[in-house]
Amino acid sequence: MNKKGFTFLKKRQTGFTLIELLVAISIIAVLTTLLMVNFIGVRQRGRDGQRKSNLYQLQSALELYRTDHGVYPTTLAACGTGVSLNYTDPAPPNTVTVYMQNIPCDPLSGSPFQYVSADGTSYSLIACLENQQDADKDATDTTCSSPYVTFKVVNP
């Protein structure tokens, strides 16, 4: 006690101990790792969804082409270039029918999808998916090498 009757307490130090800081940093690191793994999976599934959508659009254009001409084209133009799936009527007035403006490319690599039509009576479109657990994968086709799985669209 001092002269006036008050006791002075020691001033308590405030702040975090080294152990508390290490525990907090460790928890943040674990949560960040878990979120990043999930985020990478979401991006892969998004690209796979884009691949599937592209193949279905190509399938629609090919079916319209077959409806008009009775056969499927045996080749496709390069992906991402100008008017790619069209037909010019040889009889005057030489009208051009455009079935697809641009043949889509793979969203990750920019490479074309595989198109196989040997004789124009049938075709198959193939994309390599990143998600190995995809429900739409073709388990019997091994066109795509690991770590990818094959997704195939064929003529109806």
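Owing to the predicted nature of the structure, the values given are computational and were not obtained by experimental measurement. (Residues numbered from 1 in each chain as written. Predicted model: local features only at pLDDT ≥ 70, side-chain atom pairs only at ≥ 80, totals over all residues. Heavy atoms only, no water.)

**Q** Give a detailed account of the overall build of the chain, specifying residues and quantitative values.
**A** What the chain contains, in helices and strands, is 1 helix and 5 strands. When the helices and strands of the chain are placed in sequence order, the string is α-β-β-β-β-β. In the chain, of all internal contacts separated by at least 6 residues, the share reaching a separation of at least 24 is 51%. A total of about 11,000 Å² of accessible surface is found on the chain, and carbon and sulfur atoms cover 59% of it. (Helix = DSSP H or I, 4+ residues; strand = E, 2+ residues; numbered from the N terminus. Contact = heavy atoms within 4.5 Å. Areas by Shrake-Rupley, 256 points an atom, 1.4 Å probe, with all protein chains shown as cover.)

**Q** I'd like a description of the confidence of the model for the chain, backed by residues and values.
**A** Mean pLDDT over the chain: 85, with 89% of residues reaching 70 or higher. Taking the mean pLDDT of every element in the chain, the minimum, 76, falls on strand E1 (residues 85–88) and the maximum, 93, on strand E4 (residues 124–129). (pLDDT = per-residue confidence, 0-100.)

**Q** A description of the sheet that holds strand E3 (residues 114–116) should follow, citing residues and the corresponding values.
**A** Strand order in the open sheet formed by 3 strands is E3-E4-E5, and the pairing between neighbours is antiparallel. Here the strands that pair on one side only, and so sit at the sheet edges, are E3 and strand E5 (149–154). Here the strands of the sheet are splayed against their neighbours by 25° on average, with no regard to which way each runs. Across 3 bridges, E3 lies against E4 in antiparallel orientation. What sits directly across from Val116, in E4, is Ser124. Across the face of the sheet, helix H1 (residues 18–69) comes into contact with E3, E4 and E5 while running at roughly 175° to E4. (Pairing = 2+ DSSP bridges. Axes fitted to C-alpha atoms, helices over the stretch in contact; angles between N-to-C directions.)

**Q** Outline a nonpolar patch on the surface, supporting the account with residue identities and numerical values.
**A** Together, Leu18, Ile19, Leu22, Val23, Ile27, Val30, Leu31 and Leu34 line one region of the surface with nonpolar side chains, adding up to about 800 Å² of accessible area. Within the secondary structure, Leu34 is located in helix H1. When its relative accessible area of 57% is taken as the criterion, Leu34 is described as exposed. (Patch = residues over 30% accessible without salt bridge, like charges linked within 9 Å, V, L, I, M, F, W, Y side chains within 5 Å. Salt bridge = Lys/Arg side-chain N within 4 Å of Asp/Glu carboxyl O. Buried < 20%, exposed > 50% of the residue type's maximum accessible area, 1.4 Å probe, protein only.)

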